[in-house]
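Below are the chains, spelled out letter by letter.
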Amino acid sequence: MPIREIAVGRYEETYHPDALRAALAEFISTLIFVFAGEGSGMAFNFLTNDGSTTPAGLVAAALAHAFGLFVGVSVSANISGGHVNPAVTFGAFIGGNISLLRGILYWIAQLLGSTVACLLLKFATGGETTSAFSLSSGVSVWNAFVLEIVMTFGLVYTVYATAIDPRSKGNVGIIAPIAIGFIVGANILAGGAFDGASMNPAVSFGPALVSWTWTNHWVYWAGPLIGGGIAGVVYELVFLHPGSHEPLPSSEF
């Protein structure tokens, strides 16, 4: 079971060169992703004079996040695993695929990457406001909480199936970034109009910190972490259990 594989890790791991290089890769990848995703939202607000979200704006946000995440995962997959998301790191930890100490390093790097991206955007745009995630009118915190759980479950499940599962290792550099980018873009189209569709505590943290807007911020941590944790447990128990039956070769049919 996944719980048996959970490891705290050794203290030496926190300053081992490989772990530090992996953390740096997570920092850079998250910076790239947030700069593209948050930047697209700021550009939309600038062009529409802070107008309300439109279908075209939602599509633009979905494309920017999908493309940005595709690049972020691609450039760090061979170094850190291409998490680019504290919820993915948490799901990997719950499934016993990363130690607690290494996961904390990833979290710090991801949060710093998001914050630096937002600071760079604020400076480069002449002081434009970074848009913190918020709920749309008529959407309760519990509606958003469930949305974030479900959307992040789909994201982390996709990460497990295309990147973490040992049977997919040969396709990590090709299939995984595409699939992960696509599921994020699709989820933004599905839930973006309701709560912004974060699925990523780092993506929510940077804009909230730079703009100092924390209204309902807990939703964008609790929902993704729960969804990511459930995905890790489900995939490990159901699809990666050591006692699972190997499929017969097609020649047997």
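For the structure, see preceding data.
Residues numbered from 1 in each chain as written. Predicted model: local features only at pLDDT ≥ 70, side-chain atom pairs only at ≥ 80, totals over all residues. Heavy atoms only, no water.

Time to look at the nonpolar core. Counting 41 residues, the largest nonpolar core has L69, L155, V159, I180, V184, I188 and M199 as the members making the most contacts within it. Broken down by secondary-structure element, the contributors of at least two residues to this core are α2 (17-47), α3 (55-76), α4 (86-94), α5 (100-124), α6 (141-164), α7 (175-195), α8 (201-211) and α9 (219-239). At 8 residues, the largest contribution of residues to this core is made by α6. Other than its neighbours up to four places away in sequence, I188 contacts L58, A61, A62, H65, A193, A197 and M199. Counting residues in each nonpolar core, the second largest holds 5 residues, with L111, A202, F205 and L225 among its members. (Core = buried A, V, L, I, M, F, W, Y, C linked by side-chain atoms within 4.5 Å. Buried < 20%, exposed > 50% of the residue type's maximum accessible area, 1.4 Å probe, protein only. Helix = DSSP H or I, 4+ residues; strand = E, 2+ residues; numbered from the N terminus. Contact = heavy atoms within 4.5 Å.)

On to empty space enclosed by the protein. Rolled over the atoms, a probe sized like a water molecule indicates the empty space that remains. If you walk through the whole model with that rule in mind, you get 1 cavity of 30 Å³ or more. Of the volumes computed, that of the largest cavity is approximately 80 Å³. In terms of lining residues, the largest cavity is bounded by 14 residues, among which L69, N85, L155, V184 and N200 are the most central. Within the residue set of the lining of the largest cavity, elements represented by two or more residues are α3, α6 and α7. The residue inventory of the lining of the largest cavity, partitioned by class, reads 9 nonpolar, 5 polar and no charged. (1 Å grid on protein atoms, 1.4 Å probe; cavity = no way out; pocket = protein on both sides within 12 Å on 5 of 7 lines; lining within 4 Å. Points joined across faces, edges and corners; volume = space filled by probe spheres on them. Nonpolar A, V, L, I, M, F, W, Y, C, P; charged D, E, K, R; others polar.)

Estimates place the volume of the largest pocket at around 860 Å³. Around the largest pocket, the lining is made up of 36 residues, and of these G41, N45, T53, S131 and G196 lie nearest the centre. Listing elements by their share of the lining of the largest pocket, those giving two or more residues are α2, α3 and α7. Considering each element in turn, the lining of the largest pocket owes the most residues, 9 residues, to α2. Here the residues of the lining of the largest pocket sort into 16 nonpolar, 16 polar and 4 charged.

Although it is not a glycine, A197 adopts a positive phi angle of roughly 55°. Of the residues examined, A197 reaches a relative accessible area of 3% and is grouped as buried. You will see that M199, though not glycine, has its phi angle at about 60°, which is positive. You can see M199 is positioned in the loop between α7 and α8.

Where charged atoms from two side chains of opposite charge approach closely, those side chains can pair. Evaluation of the coordinates by the stated rule reveals 2 salt bridges. We note a salt bridge from R21 to D18, for which the minimum N-O separation is 2.4 Å. Within this pair, R21 and its partner D18 are both found in helix α2, separated by 3 residues, close to a single helical turn. With its nearest N and O atoms 2.7 Å apart, the salt bridge here joins R167 to D165. Overall, R167 belongs to the exposed group, its relative accessible area being 58%. (Salt bridge = Lys/Arg side-chain N within 4 Å of Asp/Glu carboxyl O.)

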